[in-house]
Amino acid sequence: MKTIEHWINGSPTPGSASDTQPVFNPATGQEQAQVVLGGTADVDTAVQAASRAFETWSESSLSRRTQVMFAFRQLLVEHEEELARVISAEHGKTVDDARGEITRGREVVEFACGLGDVLKGSFSDQVSRGVDVHNFRQPLGVVAGITPFNFPAMVPLWMHPMAIATGNTFILKPSERDPSAANFVAELYKKAGLPDGVFNVVHGGKDAVDAILTHPGIKAVSFVGSTPIAKYVHEQATSHDKRVQALGGAKNHAVVLPDADLEFAANHITAGAYGSAGERCMAVSVAVAVGDAADGLVEILERKAREVKVGPGDVPGTEMGPLVTKAAQERVENAVGTAAAQGATVVVDGRGLKVDGHEDGFFTGPSLLDHVTAEMDAYKEELFGPVLAVVRAQSLDEAIALINANPYGNGTALFTASGEAARRFQRTIHVGMIGINVPVPVPMSYYSFGGWKDSLIGDNPIHGPEGIRFYTRPKVVTTRWPEQTHNIAAGFDFPTSN
């Protein structure tokens, strides 16, 4: 049985803990590896290695840091297929979907390659007689990321390239459900020339998380996961004097107006709802059908849901793989049953799906629910599975009010041919990321990712300009270089610009 170890100071290590946890292949339901579960001692070992590395890495030139990023980016390209299959084997998503995840993560690496322009400070000449002012940004020190199972490559790539390129050293605590991608990336960093100790991986559960949140040597923590855990991370880390990025859960709505191309909208909503088996924080989990759009939209969504090809992620032609664990499969199927009991119409029932040759896999098919209301659990809860709920509204204003009343505010979309409706929607909706005829509006790497309300705890989005600010702190320098021909007396009055 393969054992997945930590990666600390440039090499794999079993660490000090004796506990392990099984890692499954979701398509077969079989255990395929064991991952070590670290704790306080392993986190401390990683912090010590990262602290030593920070002394030299933080003083390395910007050219040196970006050269490593360019090399790392090229290695991600060269090893994309191999990494995608590692992700698929542990997460269950299709290999194509995993390739897309790597591509979106690589975009942040590409942004990090160009930090020379972004990190430029400003200079003000002659703010007072003979006085100039300039500013610049410096790294924080050792920083950490705690990341979820659903994007084992992409979400960490939203963090560590930004942190490392700005001169910090990094400790990653990935999900113990699919941990191999983190070690794969660590090996690529080493091949790219990153010094030992700059990037470290500590595997584990809550013990490792708590050790990261409380360790005095860690200056900042980035987290993506559920809202309850995001609140816990934010509270614990800030109480231990750390900066925190804490991204929580979501309930993303796609509004379809009667003037929309229903075939176009249904195509994209189907992909947004069932892609990656719905296990993503930007998945479309609610379609809000407005007015006369409802019956036609549901009819097309039903047809497309039944056409989704479900199977093992490494089989060509598969569009949706299994859920990540047996518990996730049971939770999603129970949610469909609860929706039916609460009055929703189960248009497509994905429960009980068996895939030939993979009968023990964690598969469930796409489910489509109609006549869902805001009081039902299928609407209120983040199901994190291939379940699309259709809510009917009489007007765009009613749809906007519904979304604004929801506690989450991660992403939303509007399908329409009306520029006026689109402008009204994007200005009045209380959501951080908006798509107009785009179902999953994940921004490009040079913009920042982050929602509103319970989807972002605190006020620090991830990557892009906000990521630069998060991983650095500014200094402002005021200088005077007087002529040394005579003595100049110091003034004791409060300084002014006169």
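Residues numbered from 1 in each chain as written. Predicted model: local features only at pLDDT ≥ 70, side-chain atom pairs only at ≥ 80, totals over all residues. Heavy atoms only, no water.

(A) Molecular detail of the sheet that holds strand β4 (residues 20-25). On the basis of which strands lie adjacent, the open sheet formed by three strands has the order β1-β5-β4 and mixed pairing. Since the sheet does not close on itself, it has two edges, and those belong to β1 (2-4) and β4, each with one partner. Looking at each pair of strands side by side, their axes are set apart by 40° on average, direction ignored. Of the pairings in the sheet, the one linking β1 to strand β5 (residues 30-36) comprises three bridges and is parallel in character. Across the sheet, the residue bridging to T3 is Q34, located in β5. The strands that helix α3 (residues 80-91) touches are β1, β4 and β5; relative to β4, the one it contacts most, it runs at about 100°. (Pairing = 2+ DSSP bridges. Helix = DSSP H or I, 4+ residues; strand = E, 2+ residues; numbered from the N terminus. Axes fitted to C-alpha atoms, helices over the stretch in contact; angles between N-to-C directions. Contact = heavy atoms within 4.5 Å.)

(B) Seen up close, helix α8 (residues 180-191). Look at α8: 17 Å from first C-alpha to last across twelve residues, which is about the 16 Å you get at 1.5 Å a residue. Taken across its twelve residues, α8 has nine buried, putting it largely inside the fold. Among all positions of α8, only S180, A181, A182, N183, F184, V185, A186, L188 and Y189 are buried. Within two residues after α8, G193 carries a phi angle of roughly 100°, on the positive side. (Expected span 1.5 Å × (residues − 1). Buried < 20%, exposed > 50% of the residue type's maximum accessible area, 1.4 Å probe, protein only.)

(C) Quick peek at the environment of E31. By secondary structure assignment, the location of E31 is in strand β5. Take E31: its relative accessible area is 34%, and that puts it in the partly exposed class. A C-alpha to C-alpha distance of 9.9 Å links E31 and E90, two positions 59 residues apart in sequence. The contact partners of E31, leaving out residues within four places of it in the chain, are M1, P22, V23 and F24.

(D) Expanded view of empty space enclosed by the protein. Using the criterion set out here, one finds three cavities of 30 Å³ or more in the structure. Its boundaries defined by the atoms lining it, the largest cavity holds a volume of some 130 Å³. Forming the walls of the largest cavity are 17 residues, and the residues nearest its centre are G278, A283, S285, L383 and F384. Taken together, the elements giving at least two residues each to the lining of the largest cavity come down to β14 (284-290) and β17 (387-393). (1 Å grid on protein atoms, 1.4 Å probe; cavity = no way out; pocket = protein on both sides within 12 Å on 5 of 7 lines; lining within 4 Å. Points joined across faces, edges and corners; volume = space filled by probe spheres on them.)

(E) Spotlight on the side chain of D370. Within the secondary structure, D370 is located in strand β16 (residues 367-370). The contacts of D370, once residues within four sequence positions are left out, are V298, A344, T345, V347, V390 and R392.

(F) Structural detail: the packing of α3 against helix α4 (residues 95-113). One can describe the packing of α3 onto α4 by two numbers: an axis separation of 8 Å at closest approach and a directional angle of 120°. The orientation of α3 with respect to α4, classified from their angle, is oblique. Where α3 crosses over α4, the two elements pack in a sense that is right-handed. For the pair α3 and α4, the contacting residues are E80, E81, L83, A84, R85, I87 and S88 in the first and V95, A98, R99, E101, I102, T103 and R106 in the second. Grouping the amino acids of the contact of α3 with α4 by side-chain chemistry returns six nonpolar, two polar and six charged. (Parallel < 35°, antiparallel > 145°, perpendicular 65-115°, else oblique. Left-handed = near helix turned anticlockwise from the far one by under 90°. Nonpolar A, V, L, I, M, F, W, Y, C, P; charged D, E, K, R; others polar.)

(G) Expanded view of α4. Taking 1.5 Å per residue, 19 residues should reach 27 Å; α4 reaches 27 Å between its end C-alpha atoms and fits that length. Buried residues of α4: V95, A98, E101, I102, G105, R106, E107, V108, V109, F111, A112 and C113, and no others. If you follow the buried residues of α4, they end up packed against α2 (62-78), α3, α5 (115-118), α6 (154-157), α7 (160-165) and α17 (464-470).

(H) Structural detail: the nonpolar core. Of all hydrophobic cores here, the largest spans 64 residues; its most connected members are V255, I269 and L388. Ranked by residues supplied to this core, first place goes to helix α12 (residues 293-307) with seven residues. Not counting residues up to four positions away in its chain, the partners in contact with I269 are A254, V256, V284, A287, L301, L388 and F415. Core analysis: the second largest hydrophobic core is formed by 60 residues, I102, V108, C113 and Y189 among them. (Core = buried A, V, L, I, M, F, W, Y, C linked by side-chain atoms within 4.5 Å.)

(I) Main features of the layout of surface pockets. Approximately 810 Å³ is the volume found for the largest pocket. Surrounding the largest pocket, 34 residues form its lining, P148, R177, G225, S226 and I229 being those nearest its centre. Listing elements by their share of the lining of the largest pocket, those giving two or more residues are α9 (206-214), β11 (218-224), α10 (227-239) and α13 (326-341). Residue lining of the second largest pocket: 27 residues in total, with D97, A271, G275, S276 and R280 positioned closest to the centre. Per-element accounting of the lining of the second largest pocket gives the leading share, five residues, to helix α11 (residues 262-274). Here the lining of the second largest pocket is built from residues that sort into twelve nonpolar, seven polar and eight charged.

Purely geometric numbers; function is a separate question.
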